[in-house]
Each structure stands twice: as C-alpha cells, then as structure tokens.
Amino acid sequence: MQLFAFGINHNTAPLNIREQVTFNENTMEHALHDLVGNHAVKEAAIVSTCNRTEIYCNTDKPDAAIHWLTKFHHLLERELDPYLYRLPREQAVKHAFRVASGLDSMVLGEPQILGQMKNAIKSAQNAGTLGLLLHKLFQHTFFVAKEVRTSTEIGACSVSMAAAAARLAERIFGDISEQNVLFIGAGEMIELCASHFVARRPKRITVANRTTERAEALARRFNARAIPLSELPEQLALHDIVVTCTASPLPILGKGMLERATKIRKHRPIFIVDLAVPRDVELEVSELDDVFLYYVDDLADIVKEGLDSRLSAVAQAETIIETNVIDFMRWLATRELVPTIRALRDQAERFRRHELTRAQKLLAKGENPEKILESLSNGLTNKFLHLPSSMLNHAADDERDKLVELINRLYQLHYPQ
C-alpha cells in the first residue's frame, strides 16, 4: 500500500491558480473513474473546496497521478508545479488529520472542512474508488477530528467565512437593516451566509439559483423571495449587497451587467462578496468605482479575528494528531506484512499437505500407524527447519551473527546453562 496525497491550497496558491483545478459535483465521479481506471492509481478521493484541491490516493507512481491532474484540467505541469505539495505516507496521514481538524484552514478551527471531507469520501464510495487503505485513513481522520474538537478549544471564537462576509458588509454600510441583500446560489455556504445576514435584519432578502426549487426551499427558511438566475440582469440593481457562491465553471456576473446596474442605481454603491472558486464575478468588475468587490482570499484578515484565543489549542491538537499518526502508521505497517505472512503460511500448508498425503498412502498399504506418525512428525520437523538451518550453515561471516540473533528472536530459543 503506497499512500500519497498532493494538491494546492490557499497557503501555496493564489485564487487564480486554485480556480483552475477545482472539481464540482458534476465532474467528480467522472474524474475519479478516469484517475483510477486509466492510471497507476488503485484508490482515490478528491477534496475540492474554495481553499483547496487535494487528491488522496493509493499508488506507487505518484508522478503519474500528478500528471493526470494537470492533463484533466488542460494545464502544463510547469504551470502548477510551483504551487503543488507532495505528501507521501505519514506526511499524507498527518496532513489529512490536520485538515479535518481545522488546523490547515484559512479560518483556524472552522468546522465546515470536516463536512466537505466527508462529502469527498461519500463521492469516492459512490464512484467505487475507495478501497481498504483510504477507507481506513478517513475513518481514522474523522475520529481524530472529533477528538481534537472535543478535547481542545480550537474552534472557540472562530470567525467563519460566512460571518466575515456579514461583518465586512457592516463595516461598509454601518447598519444593514436598510439594505437589500441578494444571495446567488443555494448551497451550504450561501445557507451559512444567509443565517448571519438574517440575524442583522436586512430590509429584504432575495435568493437566486439555477434550480428554482432549491432557491424556494432556502427562501422559505429565511422569509425571502426566490428568483431564477435568468432574472439577475433586471434584479441586480435592486440590491445593495450581493453574496455569491455557485458551482458555475464560468462567471455569472460580468462587468457589463454591473455597469448597467450601477447606472440604474445612479451610482449608489454595490457591495459584492464572491466566495466561489472558480469565481462567479469577473475580475474586471473590480475596476468599477461604485462596486466594492471582495473575493474569498480578501476575507483573510477578518477571519483571523479571535485567533489569539485559539492558538493555545493548536499545540494540544498537534499532540493528539502526532499520536494518531503513529497509530495509523503502525496499522499500515502490519498491513504491509500481510503478503509475507500469507506466503509463510502457504509454504507451511504445502509442507503439511505433502507429509499428510505421504502418511495416508502408507496407511492405505497397511503399514504400522505408530511408525507412520513418527515419520510424519519427523518429516514436518525437517521441512520446517531445513531452510533456516541451511541459511545458517551457508551464511557469510559478516551476517552469521545477525542471523543467529534473528533466529533466537523468531523461535524464542533458550540455551541450556
């Protein structure tokens, strides 16, 4: 079993790089099948969020897996290589534990990543690409994350991306109770954002989504109204605050649409938070004077608020993680011994069957059963001891002492005094 993880995240790659290697729900299963079906990868799971794209796999050819990622996204390896981290064996285990525990997040201790990792494993299970190694890894990963969150204060006072969006809106508008808020998308992140904005009692809330049914379900929860994405060009100018997070591979809000909206608004400012990766809002929109546009990486300073109170918990969390990495690697080492143990038992079984068949033939001839039993036991003893005895007799001087020590340990030999 060759565990290997690789990928990029908010610490190693800027947003314009991360958005080029994302996987959405529609492409995930196809990607997993393609990776495991056509390459030297036995198992695979993909974690893809706004802050990271990581691939965990069982492979003895890690370079082939990395090549697949760049080829799948139509990139050159040299374009991605400066941002890529490669994590073999225990490094991959430790990384998975840290990510699930919130230690590797932009928001230290944030809980959303654990759910995102569980979704990634569910996708791998559905695609049939989760085998013994990754199943055990992530089973242990979720156990560690739970232990870290229940035994430390890592999640205390954390400011989520959703809360950061609401705080930033307050800094710009002061009181947002007189503002109209538009949410684009109906996924988990938008749901979290909506809960934070609703608590501040905005004047009106609208939810726009490609699937109207999902928009209506979310709108009912927050006493909002739902609209299809096709109505965005007409509805955009009616809103002061826009929070968008969809899985669209292409921008939803372009510079032209925002220019028309600001003219209708007579240049009253629009505040936009784009939490999507790839981005929902064209970069050129940031050139408009009346639009305050913030992408996911722009919220980094706000989400660090309250960090000091959580830093003391990091050392505790790291200790828990280190202990569990040792436990997992011990399990992995025992699994790697399985082929040797199986081969040893198979050889012993061949010896047993050979001597048993010989004894049965002698019994059939009517020979003395006591002599046959004696011969059977002698035959087994000689076969089991022939190879180690031969190794000792033919060992070179520089390895004989080591073989003697090893055989003493294997057979727990005790010499007469």
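Residues numbered from 1 in each chain as written. Predicted model: local features only at pLDDT ≥ 70, side-chain atom pairs only at ≥ 80, totals over all residues. Heavy atoms only, no water.

Some points on the overall build of the protein
Item 1. Looking only at helices and strands, one finds 16 helices and 10 strands in the protein.
Item 2. Taking 417 residues into account, the globule formula puts the C-alpha radius of gyration at 22 Å, and the protein, at 31 Å, lies well above it.
Item 3. For the protein, the spread of C-alpha atoms along the principal axes amounts to about 110 × 45 × 45 Å.
Item 4. Residues classed as buried in the protein amount to 46% of the 417 residues present.
Item 5. Pairs at least 24 apart in sequence give 71% of the contacts found in the protein among residues at least 6 apart. (Helix = DSSP H or I, 4+ residues; strand = E, 2+ residues; numbered from the N terminus. Rg over C-alpha atoms; globule rule 2.2 N^0.38 Å. Buried < 20%, exposed > 50% of the residue type's maximum accessible area, 1.4 Å probe, protein only. Contact = heavy atoms within 4.5 Å.)

Points about the sheet that holds strand β3 (residues 52–58)
Item 1. The 4 strands are arranged β2-β3-β1-β4 in an open sheet whose pairing can be described as antiparallel. Two strands close off the open sheet at either side, each with one partner strand: β2 (43–48) and β4 (85–88). Strand after strand, the sheet turns through a mean of 15° between neighbouring axes, direction not considered.
Item 2. Pairing geometry for strand β1 (residues 3–9) and β4, over 4 bridges, is antiparallel. Looking at β4, one finds that G7 is bridged to Y85. (Pairing = 2+ DSSP bridges. Axes fitted to C-alpha atoms, helices over the stretch in contact; angles between N-to-C directions.)

Observations concerning the side chain of H95
Item 1. Take H95: it is sitting in helix α5 (residues 89–100).
Item 2. Polar side-chain contacts of H95 include one of 2.5 Å to the side chain of E54. (Polar contact = N/O pair within 3.5 Å; in protein donor to acceptor, adjacent residues only side chain to side chain.)

Some details on the environment of Q235
Item 1. Looking at the element boundaries, Q235 is found in helix α11 (residues 232–235).
Item 2. Assessed through its relative accessible area of 13%, Q235 is described here as buried.
Item 3. It is 9.6 Å that separates the C-alpha atoms of Q235 and A208, two residues lying 27 residues apart in sequence.
Item 4. Residues within four places of Q235 in sequence aside, it is in contact with R225 and I227.

Looking at a nonpolar patch on the surface
Item 1. Residues F384, L385, V404, L406, L410, Y411, L413 and Y415 make up a contiguous nonpolar surface patch of about 780 Å² in total accessible area.
Item 2. Only α15 (369–394) and α16 (397–411) provide two or more residues apiece to the nonpolar patch.
Item 3. It is α16 that provides the largest number of residues to the nonpolar patch, a total of 4 residues.
Item 4. Locating L413 in the fold gives a position in the segment after α16. (Patch = residues over 30% accessible without salt bridge, like charges linked within 9 Å, V, L, I, M, F, W, Y side chains within 5 Å. Areas by Shrake-Rupley, 256 points an atom, 1.4 Å probe, with all protein chains shown as cover. Salt bridge = Lys/Arg side-chain N within 4 Å of Asp/Glu carboxyl O.)

Brief notes about the UniProt feature "binding site: substrate" (unreviewed entry) in the protein
Item 1. UniProt marks T49, C50, N51, R52, S105, E110, P111, Q112 and Q116 with the feature "binding site: substrate" (unreviewed entry), using the numbering shown here.
Item 2. Note on T49: relative accessible area 11%, which makes it buried.
Item 3. Apart from the residues within four sequence positions on either side, T49 is in contact with I113 and Q116.
Item 4. Engagement of the side chain of T49 in a polar contact is seen with the backbone nitrogen of N51, the distance being 3.1 Å.
Item 5. Inspection of the secondary structure assignment puts P111 in the loop between α5 and α6 (112–127).
Item 6. Using a relative accessible area of 46% as the deciding quantity, one classes P111 as partly exposed. (UniProt positions renumbered as here; feature names shortened; annotations may be inferred.)

So, the pattern of salt bridges
Side-chain pairing between opposite charges can occur once the charged atoms of the two side chains come close.
Item 1. Under the criterion given, the structure shown has 19 salt bridges.
Item 2. With its nearest N and O atoms 2.8 Å apart, the salt bridge here joins E54 to R52. Exposure class is identical for E54 and R52. Each is buried.
Item 3. Through salt bridges that share partners, R52, E54, R98, D104 and E318 make up one connected network.

A word on the pairing of β1
Item 1. Counting buried positions along β1 yields 7 of 7 residues, so the element is predominantly enclosed.
Item 2. Note that β1 and β3 share 7 bridges and pair antiparallel. Bridge pairing links A5 to Y56 in β3.

Focus: the UniProt feature "binding site: NADP(+)" (unreviewed entry) in the protein
Item 1. Here, the residues flagged by UniProt with the feature "binding site: NADP(+)" (unreviewed entry) are G185, A186, G187, E188, M189 and I190.
Item 2. The class of G185 is buried, set by a relative accessible area of 1%.
Item 3. Setting aside anything within four residues of it in sequence, one finds G185 in contact with I190, V207, A208, N209, L218, C245 and T246.
Item 4. Within the secondary structure, I190 is located in helix α9 (residues 188–198).
Item 5. Note on I190: relative accessible area 0%, which makes it buried.

Comments concerning the nonpolar core
Item 1. Among the nonpolar cores identified, the biggest contains 65 residues, and F6, Y56, M117, L137, F138 and F328 are the most heavily contacted of them.
Item 2. The element that contributes the greatest number of residues to this core is helix α14 (residues 308–364), accounting for 10 residues. (Core = buried A, V, L, I, M, F, W, Y, C linked by side-chain atoms within 4.5 Å.)

Considering the environment of L114
Item 1. Here L114 is to be found in helix α6.
Item 2. Between the C-alpha atoms of L114 and K61, which are 53 residues apart in sequence, the distance is 28 Å.
Item 3. Discounting residues that sit within four places of it in the chain, L114 has contacts with A100, F142, A145 and R149.

A look at the packing of helix α8 (residues 161–173) against α9
Item 1. Where α8 contacts α9, the axes come no closer than 8 Å and their chain directions differ by 45°. Classed by the angle they form, the pair α8 and α9 counts as oblique. Seen from above, α8 lies across α9 with right-handed handedness. Facing α8, whose interface residues are M161, A162, A163, A165, A166 and A169, α9 presents M189, L192, C193, H196 and F197.
Item 2. Taken together, the residues of the contact of α8 with α9 break down into 10 nonpolar, 1 polar and no charged. (Parallel < 35°, antiparallel > 145°, perpendicular 65-115°, else oblique. Left-handed = near helix turned anticlockwise from the far one by under 90°. Nonpolar A, V, L, I, M, F, W, Y, C, P; charged D, E, K, R; others polar.)

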